[in-house]
Amino acid sequence: MSLQLKHHDEVRFRELLDQYFLRLKRFAASFLKEDALAEEVVMDVFLKLWERRETLDQIENLNTYLFVAVRNLCYNVLRREHYLHTDSLDDVEVELTRYANTPEDDLISEQMLETLNSAVEELPAKCKMVFKLLREEGLSRKETAQVLGISANTVDNQIAIAVRKIGETLGMDLTIKKNYSGLQSFLLCL
């Protein structure tokens, strides 16, 4: 991977910061519940990235690396503050971006969107975190597994849980494969 930061390339570093900052801040805030603290965590990760710029070519996937680094630092902050006694995602409260009407979504009624948002809010914490990383952050299933320190099968299971629970809330018959795969595709591409 050529990040071109070895020769004090501050312009490229600033581009990386601009590209990832908001995404990583939202991710950190889902653990820490404080924007200022989330911002501090992300800035600390980028400071360490700058300090290690000579070895960045060893990072295979920068996207995954940054999310894992933010997650680990969030866990450290929570442990230090005695808010976290485990690495379990079950206790993390995740806020998802609410679905909103766009020109492409005109076929979906306002009531349907509200029902969908409510169904997503009712998902278990781990399920919401997986859903957030896949849908909102655009991470792959493998990247999501690496970021959360879980297996790819667990990611698949959590998505299956999300689709099933959302389908039940929407009153869909998910025993019909077309309904199930259609809902899954719809949810993950919004």
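Quick notes on the rules
Residues numbered from 1 in each chain as written. Predicted model: local features only at pLDDT ≥ 70, side-chain atom pairs only at ≥ 80, totals over all residues. Heavy atoms only, no water. Helix = DSSP H or I, 4+ residues; strand = E, 2+ residues; numbered from the N terminus. Expected span 1.5 Å × (residues − 1). Bend = angle between axes of the 7 residues up to and from the residue. Axes fitted to C-alpha atoms, helices over the stretch in contact; angles between N-to-C directions. Parallel < 35°, antiparallel > 145°, perpendicular 65-115°, else oblique. Left-handed = near helix turned anticlockwise from the far one by under 90°. Contact = heavy atoms within 4.5 Å. Buried < 20%, exposed > 50% of the residue type's maximum accessible area, 1.4 Å probe, protein only. Salt bridge = Lys/Arg side-chain N within 4 Å of Asp/Glu carboxyl O.

## Concerning helix 1 (residues 10-32)
And then number 1: Here helix 1 spans only 29 Å end to end across 23 residues, well under the 33 Å set by a 1.5 Å rise per residue.
And then number 2: Largest kink in helix 1: about 45 degrees, centred on Tyr20.
And then number 3: One or two positions beyond helix 1, positive phi appears at Lys33, with a value near 65 degrees.

## Observations concerning the packing of helix 5 (residues 125-136) against helix 6 (residues 141-148)
And then number 1: Their axes nearest at 10 Å, the elements helix 5 and helix 6 cross at an angle of 135 degrees. Accordingly, the angle class assigned to the pair helix 5 and helix 6 is oblique. In the packing of helix 5 onto helix 6, the handedness of the crossing is right-handed. The residues of helix 6 that touch helix 5, namely those facing Met129, Val130, Leu133 and Leu134, are Arg141, Thr144, Val147 and Leu148.

## With respect to the environment of Val41
And then number 1: With respect to the helices and strands, the residue Val41 is situated in helix 2 (residues 35-51).
And then number 2: Here Val41 falls in the buried class, since its relative accessible area comes to 2%.
And then number 3: Through-space distance from the C-alpha of Val41 to that of Val77 is 8.5 Å; in sequence the pair is 36 residues apart.
And then number 4: In this view, Val41 contacts Leu32, Val70, Leu73, Cys74 and Val77; residues no more than four positions away in its chain are not counted.

## With respect to the pattern of salt bridges
Close approach of charged atoms allows side chains with opposite charge to pair.
And then number 1: Here the structure, examined in full by the defined rule, presents eight salt bridges.
And then number 2: The partner of Asp18 in a salt bridge is Arg14, and the shortest N-O contact between them spans 3.6 Å. Highlighted residues: Asp18 and Arg14, both in helix 1, separated by four residues, approximately one helical turn.
And then number 3: Residue classification places Arg14 among the partly exposed positions, given a relative accessible area of 48%.
And then number 4: Between Asp156 and Arg141 there is a salt bridge whose closest N-O contact spans 2.6 Å. Taken together, the residues Asp156 in helix 7 (residues 152-170) and Arg141 in helix 6 connect sequence positions 15 residues apart.
And then number 5: Assessed through its relative accessible area of 33%, Asp156 is described here as partly exposed.
And then number 6: On the accessibility criterion, Arg141 (39% relative accessible area) is partly exposed.

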